[in-house]
Protein chains: 2
Amino acid sequence: MFDAIVIGGGPAGATAAIYLQRFKRNTLLIMKDQGALGKTAHVDNYYGFVDTITGPDLLSRGINQARRLGTEVVQDEVLSIDYFDDFTVKTIHGEYKAKTVILATGKTQVYLKAKGFNDFIGKGISYCAICDGFIYRNKKIGLVGSKEFMEEELEILKQFSDDITIFTNGAKLEVDVDKEVVLEEIKEVHGQESIQQIVAGDKTYDIDVLFMAIGSPSASDFALRMGAFLDNNYIVVDEEFMTNIPGLFAAGDCIGGLLQIVKAASDGAHVAIAVHKYLKQNH
Amino acid sequence: MFDAIVIGGGPAGATAAIYLQRFKRNTLLIMKDQGALGKTAHVDNYYGFVDTITGPDLLSRGINQARRLGTEVVQDEVLSIDYFDDFTVKTIHGEYKAKTVILATGKTQVYLKAKGFNDFIGKGISYCAICDGFIYRNKKIGLVGSKEFMEEELEILKQFSDDITIFTNGAKLEVDVDKEVVLEEIKEVHGQESIQQIVAGDKTYDIDVLFMAIGSPSASDFALRMGAFLDNNYIVVDEEFMTNIPGLFAAGDCIGGLLQIVKAASDGAHVAIAVHKYLKQNH
């Protein structure tokens, strides 16, 4: 049982882990990949570096710093978080338990380039099977994705309907599914009040709903599934960086505000102090 | 005329300058000394440094980073800030004009170790001659300090009373004054509702008020003199890091919150963005 599991290895997540270790809280940091910072070529404005530094360099420095102070770091992809007394975090390769969880996976809302897509977000385009699945009982369901995250969502959606079509949107299918799979890219989305059809490749498919499960779940996806409040896709936290779910915290880009390294790192310090306080009071 | 003068060269001030330069705002940074960070032997928890770094090392890295991006850095001591359309910042060695000023001089409330001192703060112990001087017209005034800052306060107090005694509190007197000077350390403060006597060395002095002007003015001192609101000695700023005085901003430890390097640096980024926006709208 960890005191805290930090999901995300960017400035917010690593700083949270660094501070938690200093408070002698045993902390697991799970990171999938390099995130937004890993794609940043030049960092000039992060205090303390006289010369330009690359995003990946800063990122690995942060992770090594967290490791040096005792953080256990696992490179894996989180698939689900369950909350019942304590938190159970399921990844592709393992399962971990903790008293608290800090979401720090950055801002990763997934949009499709398909024409008309943005018009139907919330009007038949959904980011959460567990939230909206029951609304589409026995309806024609489209599910976009190609990996474990899509498979997770598929298992949930099967409880509501047999009529499910998978759209990989041009990606290679990486998991086994027992439903029809369309490999072509989604080009257009049609509908009136709500979504009615999508065009993938040169074929048109009738659907009543389109569930999005591309890539990996984001912090917002986890938050949504657990019943945490979102505002404009940002996770809502209180002054202590806690969501409306006791013990579930969030920090960095996924809670909005200035999307800057130093702000994310500052959030990391704040959330760690809040988690430390929470653990003192509740465990 | 600078777009912005940043007072203070720690994480908040340097980061503000770094961001402002990136916005092509010509910025002057005035720093006196190394501040709180300069006295920190080990920094382990500032994101991005795998190994322990010293405070002075981090501090000089930040200043050099600001310089590399084009910030003019002056090592000098600010004595006063005047506001009339624009800001005039007077230092020991010069005078500078700017459209905006950012206070980032850390947390430097000065207390005396004298017995009873804390009991009389606000009860005859004052940190602002310009604010409280008129209350003590023709009264017995004690003024604590030994340097330029004390001299500045003395000039103000002379307008209100001739009966002024300087207490250097054990420090060497570094300026010329035409008043009685007591060089001994202040050991005790006595009074009833308000201060009445202080004991310095083995002598007791009757006073009606004790003005504090030790060392250099802090951000709070400047803010106070300019009529900015303080709360518990922290400068009150709005969401845009601006005080109640248009164009006067503050960031870092002097506005309170978490007294951590990364929070101060994050403040610096925020305040720079706010100043940039303010300059766009008002100049």
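In what follows, the structure referred to is the one given above.
Residues numbered from 1 in each chain as written. Chains lettered and ligands numbered in written order. Predicted model: local features only at pLDDT ≥ 70, side-chain atom pairs only at ≥ 80, totals over all residues. Heavy atoms only, no water.

Q: How do you make sense of the overall build of chain A when you look at a structure like this?
A: Secondary structure summary: chain A contains seven helices and 17 strands in total. The C-alpha atoms of chain A give a radius of gyration of 20 Å, which matches the 19 Å a tight globule of 283 residues would have. Dimensions of chain A, computed from the C-alpha atoms along their principal axes, are close to 55 × 45 × 35 Å. Accessible surface for chain A amounts to roughly 12,400 Å². Of this, 46% is attributable to carbon and sulfur atoms. Seen as two clouds, the 28 positive and the 39 negative side-chain charges of chain A have centres 4 Å apart. (Helix = DSSP H or I, 4+ residues; strand = E, 2+ residues; numbered from the N terminus. Rg over C-alpha atoms; globule rule 2.2 N^0.38 Å. Areas by Shrake-Rupley, 256 points an atom, 1.4 Å probe, with all protein chains shown as cover. Lys, Arg positive; Asp, Glu negative; His and termini not counted. Charge placed at Lys NZ, Arg CZ, Asp CG, Glu CD.)

Q: Please explain the side chain of B:Glu153 as it appears in this structure.
A: Mapped onto the secondary structure, B:Glu153 falls in helix α5 (residues 148-157). Aside from chain neighbours lying at most four places away, what touches B:Glu153 is B:Tyr127, B:Cys128, B:Ala129, B:Leu143, B:Ala213 and B:Arg225. (Contact = heavy atoms within 4.5 Å.)

Q: What exactly am I supposed to notice about the interface of chain B and chain A here?
A: Each partner contributes to the interface: chain B provides 35 residues, whereas chain A provides 35 residues. When chain B packs against chain A, close to 3,000 Å² is buried across both sides, 58% of that on carbon and sulfur atoms. At the boundary of chain B with chain A, the tally comes to six salt bridges. For A:Asp44, the salt bridge identified is with B:Arg22, shortest N-O distance 3.2 Å. At the level of elements, α1 (11-22), α3 (55-68) and α7 (261-282) of chain B are the ones that each hand at least two residues to the side of chain B that touches chain A. Looking at which element gives the most residues to the side of chain B that touches chain A, the answer is α7(B), with eight residues. For the side of chain B that touches chain A, a count of residues per class yields 18 nonpolar, eleven polar and six charged. (Buried area = accessible area lost by both parts, 1.4 Å probe. Salt bridge = Lys/Arg side-chain N within 4 Å of Asp/Glu carboxyl O. Nonpolar A, V, L, I, M, F, W, Y, C, P; charged D, E, K, R; others polar.)

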